[in-house]
Amino acid sequence: MLQRERIPLQLIFLQAALVVAWCFTDVETGPGAGVSTQPNGDRFKIEGRAIVPGIKTQDWVSTARVLVEGEEYVGFLRTDGSFAVNDVPSGSYVVEVVTPTYRFEPVRVDITTKGKMRARLVNYIKTSEVIRQPYPLQIRASGPHSYFMKRETWGWTDFLMNPMVMMMVLPLLIIVLLPKVVNTNDPEMRKEMEQSMNMLNPNPELPDVSELMTKLFSGSKGSSKAGSSSKGTRPAAKRR
Amino acid sequence: MAKLILLWLKCVVLWAIVEAVFEDQVGKFDWRQQYVGKVRFSHFDTHVQSSKKVLVATERNVFAALNTRTGELFWRHVDKTGSEGNIDALLQHGQDAVLVVGNGRLLRSWEINVGGLNWEVVLDSGSFQSACLVGQQDMVKHVAVLKKTAISVHYLSNGHQKWIENLPETETVDYQAVYSDGNGEVYVLGVVPHSHIAIVVYSMEDGEIIKQVNMSVEAPWLYNIQASCVVVGQGMLTCVDSAGVSFYMLDLHLQLQMTQVPLQSLALEVDPGFHPVLLSHQPNPARQPLSEFFLQLGPDHYQLLQLNNGQIAAMRDFKPALLVSFATTGEKTVAAVMSPKNKTVSKCEIERSLPSRPVFSSRAFLHIACSVNLFSAETGRRLLDTTLIVNMDPNGGKPEKLYVQAFLKKDDSVGYRAMVQTEDHTLTFIQQPGRVMWTREEALSDVVTMEMVDLPLTGTQAELEGEFGKKADGLMSMVMKRLSSQLILLQAWIGHLWKLFYDARKPRSQVKNDVTIENLSRDEFNLQKMMVMVTASGKLFGIDSKTGGILWRHYLHNVPPNAAFKLMVQRTTAHFPHPPQCTLLIKDKDTGLGTLHVFNPIFGKKSHVTPPALPQPILQSLMLPLMDQDYAKVLLLVDDQYKVSAFPSTKNVLQQLQEMAASIFFYLVDSSQGRLSGYRLRTDLSTEQIWEVIIPPEVQKIVSVKGKRPNEHVHSQGRVMGDRSVLYKYLNPNLLAVVTESTDLHQERSFIGILLIDGVTGRIIHEAIQRKARGPVHVVHSENWVVYEYWSTKSRRNEFSVIELYEGMELYNSTVFSSLDRPHAPQVLQQSYIFPSSISTMEATLTEKGITSRHLLIGLPSGGILSLPKMFLDPRRPEIVSEQSREENLIPYAPELLIRTEWFINYNQTVSRVRGIYTAPSGLESTCLVVAYGLDIYQTRVYPSKQFDVLKDDYDYMLISSVLFALFFATMISKRLAEVKLLNRAWR
């Protein structure tokens, strides 16, 4: 019989397992909005207008909502884009217009106990900083939400600009072009080159890796295969 | 400058670990279903003949327009939860819908074509009684709202108040209804209970009282006008009295005396114990109501009556009839009657489905099929060719409401469509002659708990698995078995290929792999699972996680309205031939009494296993990792006498329990007394208290207790530091995170506390207090960390705090963890962050082996589900960047966490009122399945560390194959060239 969920019994014995299960122990959820339930306190109205430049209001108002401090107070948008959130007691609130398509910046609205309103930029770090905003609120959409990442598309320029490719292509160019530019038949030049080669190879006793490889391949499969194996160092080996 | 560098670093890090949806992945493995909730009011949009809208206002404070052709939403407006968003009334006129919201606090008018708000006005305080549209000269321009003490009239065009009047004698009279029939008067009907009716007539123009009738109309039997009276015909208030078994009629225009008409005189008889109900119809608020009306005499007995010159005449008797409804189109009004077809399911079937409880309603029989017929309202004659067959779901509930959309056909006859609402909150829209156009399972708007169950293996897969499970009996037979299973595989593969080939020839639209229960099987990576969802109404659903299709549904008939549910998977699908088994514990929150429902999660069928009856209130239930001989995990139930019972309770299980008893611990929480207590099981299945923690309930109360998930795996025991040493995690599987909130809610003195307690020993590992903070607190507890979110009253913002526990540089006992033997207290690290939004719920991703990095899934009130890498909530984030911290890939500390819309896993598919997020591992280590539920349900997959174990779906096969081919040809050509060159050289 197949038993996928085998239980390490010894483990259970040893570790004095507690099965952490907790369900019907009646724990109530939080007290909800503690402050908002003042009876008979004065209630005020937050008003404003949301604008999406270049889009007709009919096309987006049905998906929009005005959220005051999370979902503590909810308002809806009129067909002209204006809104009013009723029944808000005095305090300081973050007012947000949310739609799935457009991005609106939140605004903080302060209401004094006498009903004076003030709107300012939301700054969660310096909470007392005041940068005034117009009231009644004028909230302009700053464009559509960007939900998606761009796929990396494959293009020739991307391929060529890849550092690895550049590292491969440049030495190749040098190898192909340099012998054409520099006259290798000149004996002085040859001497100089040999010197520089020796400088590059600090320990002449150590066998050259590329040479080793060429020998290895040519030994088994004929010399023709080796041409493709290590392009960078091959010509140097040949020269010698 | 330093700041700039920090910012730049942050950006780099952000980009490096960004994990988002690509646009071409939309709808590939995710789906969303939107719901509205149980319908309270519904109106068909009739002002345009071809309109496809039906307006619904629901008990979940949602107002929406549904497409009658498809059942999809045109638009939906989700108000606040609770009584402040409660919809009291829905009135529709033309393209305006007027709603009274929040016990008469707000009056809103919606434009139903666009779904935008026309206007919203605040009404004076006072409890709402009734509302109606008021018309004059065939024009409807006003709406009247009746409150306990006042009546106000508002213009429909802009909501401005026309007049408001206080009602007279409100101390004695209980005003309950408002009525108008277009003659410029508004009638307010009130009652002095057990004494008389009071009527106040207001002039529409200025709110002047035209006439006031009190004391004269005796009605000692009446206490609720709306329940027992309707206005019929030319302003005749008609009431029915169940005690006196008679009609009482009062002409509202004359208001002289109530005339009594005994029901017997009309040869009508009320079913014993039934309170008769009247139903009338006012097609146009500017006109008088119809003079025909329905009287319900019994649960399945209706009578159509007509009022003619003050005389009531019986027109037609409907028995059996389940539901009746009026509908008007143009000038014609019809009555629709829904009656059962003679097939009925006997009562015993339901009783068998839940044997532990008696069936509450004595008439709980189900009709498999019902038929709806239209009758002319004027004559009571049946209209020809109007029968519509409604097939009721045997696993559903009784029909509860019938809404009829009537329309005129080309030949001037009346056609109709019907929307049937059943007890289990299902809406079914049916067209003649019985074609179901759509069904909406509104119970899914209130999912309480859910589990994901692996799908079963197919027959062939099971056969293959069986090969390894069985005992070996010789070399030869093993070889034969292997060969035969390989043959089966080959056969299956060929079959698959053939199907692919066959499907490829068909046009794409026809290729639709319909998932039914029969062809369900586990896929390669176990990405497709069965979602078992439990809803508050007591309806259970089995949903295919890949498509979102509902594969089975089962309505539990006698679930108490305030029940708490706990769903447990006792046996998974891994134990073929034993069927998988789920157990649902349903507990009445008031009495604590519980019942068990045992079912097969794949087919939704009730299991043959009889669950034990639970006579005592249940305090706690726990699933043990023990199994009985049939591979069912053992469920322990602790009752209020602290006695433990096991399910299944076979001898084998009891024996195992006795052996294991010394190592089984559990804990109980009593939040009202602030008591947390730990218990141990004794061998005789009694319990023994071993620890107790009292949190004084006067100061703070326990709001939640979170343990770790039992199926969670942690891959790495520690973290490698910058200097190559290892910091070991404190991985206590028995750790509980207890969250408390202060009872004092003053913003200077309120606080929240978090306690980390070992559930076995009761040892307090850590305690933290967050001052000037209040709830609601959301907690996620996993691995060696606890993340919680709270509201800071001082700075008026939401803050996250993370606690991580480490054992230190060396591990005390690296093989096993025992709570009883851990002498060193763990190191505790904590850090807090600002979060720029409030949150609805929070959960952590979960993968098969725990190798993949963790993300937090945060449900926001805006409907987005944010996937926040746990990396950002790491108490080791340094304030000053050092070489070592860079080596460890720690992000420098920044006080504010960012919300980036690219991290929304549900892009624009917002999920309203997220209530819970369920995460489940899949067969792929990189992939975690996520279900967010609330008003909507959204299912998707997330890849917290990207897809490292499968090829990405944008993998460029073209590129790799073209490069391969190019290289291949290049070698061929260069070989040839080299040969030529060699040859040339040889000749030289």
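Rules and cut-offs
- Residues numbered from 1 in each chain as written.
- Chains lettered and ligands numbered in written order.
- Predicted model: local features only at pLDDT ≥ 70, side-chain atom pairs only at ≥ 80, totals over all residues.
- Heavy atoms only, no water.
- UniProt positions renumbered as here; feature names shortened; annotations may be inferred.
- Helix = DSSP H or I, 4+ residues; strand = E, 2+ residues; numbered from the N terminus.
- Buried < 20%, exposed > 50% of the residue type's maximum accessible area, 1.4 Å probe, protein only.
- Contact = heavy atoms within 4.5 Å.
- Areas by Shrake-Rupley, 256 points an atom, 1.4 Å probe, with all protein chains shown as cover.
- Core = buried A, V, L, I, M, F, W, Y, C linked by side-chain atoms within 4.5 Å.
- Pairing = 2+ DSSP bridges.
- Axes fitted to C-alpha atoms, helices over the stretch in contact; angles between N-to-C directions.
- Phe/Tyr/Trp six-rings, centres within 6.5 Å; stacked < 30°, edge-to-face > 60°.
- Salt bridge = Lys/Arg side-chain N within 4 Å of Asp/Glu carboxyl O.

An unreviewed UniProt entry annotates chain B as ER membrane protein complex subunit 1 of Amphiprion ocellaris. Recorded under Sequence similarities (unreviewed entry), the UniProt text for chain B is reproduced unchanged: "Belongs to the EMC1 family." Its UniProt record gives chain B the following Subcellular location (unreviewed entry) comment, quoted word for word: "Endoplasmic reticulum membrane".

As annotated in an unreviewed UniProt entry, chain A is Endoplasmic reticulum membrane protein complex subunit 7 from Amphiprion ocellaris. As its UniProt record puts it under Sequence similarities (unreviewed entry), chain A is described as follows: "Belongs to the EMC7 family." Under the Subcellular location (unreviewed entry) heading, UniProt states for chain A: "Membrane".

Q: Explain the overall build of chain A residue by residue, including any values.
A: Helices and strands together make up the secondary structure of chain A, namely seven helices and 11 strands. Considering chain A as a whole, with its 240 residues, one finds that 30% of them fall into the buried category. Across chain A, every contact between residues at least 6 apart in sequence was considered, and the portion connecting residues at least 24 apart equals 55%. Total accessible area on chain A is roughly 15,400 Å²; 59% of this is exposed by carbon and sulfur atoms.

Q: Could you give me a rundown of the nonpolar core, with the residues and numbers involved?
A: Residue and element names in this part refer to chain B. In terms of nonpolar packing, the biggest core is built from 35 residues, with Phe800, Leu856, Ile858 and Leu873 touching the most fellow members. Looking at this core, the elements with two or more residues in it are β57 (785-792), β58 (797-808), β59 (827-835), β60 (841-844), β61 (855-859), β62 (865-869), β64 (928-933) and β65 (937-942). The residues contacting Phe800, other than those within four sequence positions of it, are Val787, Tyr788, Glu789, Gln831, Ser832, Tyr833, Phe835, Ile839, Met842, Ile858, Leu873 and Leu897.

Q: Residue-level account of the sheet that holds strand β40 (residues 550-555) of chain B, with values.
A: Residues and elements named next belong to chain B. An order of β37-β38-β39-β40 is seen for the four strands of this open sheet, with the pairing classed as antiparallel. Each of the sheet's edge strands pairs with one partner strand only, and the pair in question is β37 (447-454) and β40. Here the average twist between neighbouring strands, direction ignored, is 15°. By the bridge criterion, seven bridges tie β37 to strand β38 (residues 529-535) in an arrangement that is antiparallel. The residue bridging Glu451 from the neighbouring strand is Val532, located in β38.

Q: Report on the side chain of Gln129(B), specifying residues and quantitative values.
A: With respect to the element layout, Gln129(B) can be found in strand β11 (residues 128-136). Setting aside anything within four residues of it in sequence, one finds Gln129(B) in contact with Leu146(B), Lys147(B), Lys148(B), Tyr175(B), Gln176(B) and Gln226(B).

Q: Go over the packing of aromatic side chains with me, naming the residues and quoting the values.
A: To describe a pair of aromatic rings, one takes the distance between the centres and the angle between the planes. The full count for this structure, using the stated rule, is 30 aromatic pairs over all chains. Look at Phe148(A) and Tyr907(B): their rings are 5.3 Å apart centre to centre, the planes differ by 45°, and that puts the pair in the tilted class. In this pair, Phe148(A) sits in strand β11 (residues 148-149) while Tyr907(B) sits in the loop between α7 (883-887) and β63 (916-921), so the two residues belong to two different chains. Exposure remark for Tyr907(B): the relative accessible area of 4% places this residue in the buried category.

Q: Summarise the pattern of salt bridges; cite the residues concerned and give the values.
A: Oppositely charged side chains can form a pair if their charged atoms are brought close together. All names here are of chain B. Overall, the coordinates contain 36 salt bridges over all chains when judged by the stated rule. With a shortest N-O distance of 3.9 Å, Glu688 and Arg682 are connected by a salt bridge. Residue Arg682 is classed as partly exposed on the basis of its relative accessible area, which comes to 39%. Because the salt bridges share partners, they merge into one network encompassing Arg719, Glu804, Lys870, Asp874, Arg876 and Glu888.

Q: Explain the sheet that holds strand β49 (residues 687-694) of chain B to me, using residue names and the numbers behind them.
A: All names here are of chain B. In space, the three strands of this open sheet follow the order β47-β48-β49, with antiparallel pairing throughout. Two strands bound the open sheet, and with one partner strand each, they are β47 (665-670) and β49. Each strand axis lies, on average, 25° off the axis of its neighbour in the sheet, ignoring direction. The pairing of β47 with strand β48 (residues 675-681) spans six bridges and is antiparallel. Looking across to β48, one finds that Val669 is bridged to Leu676.

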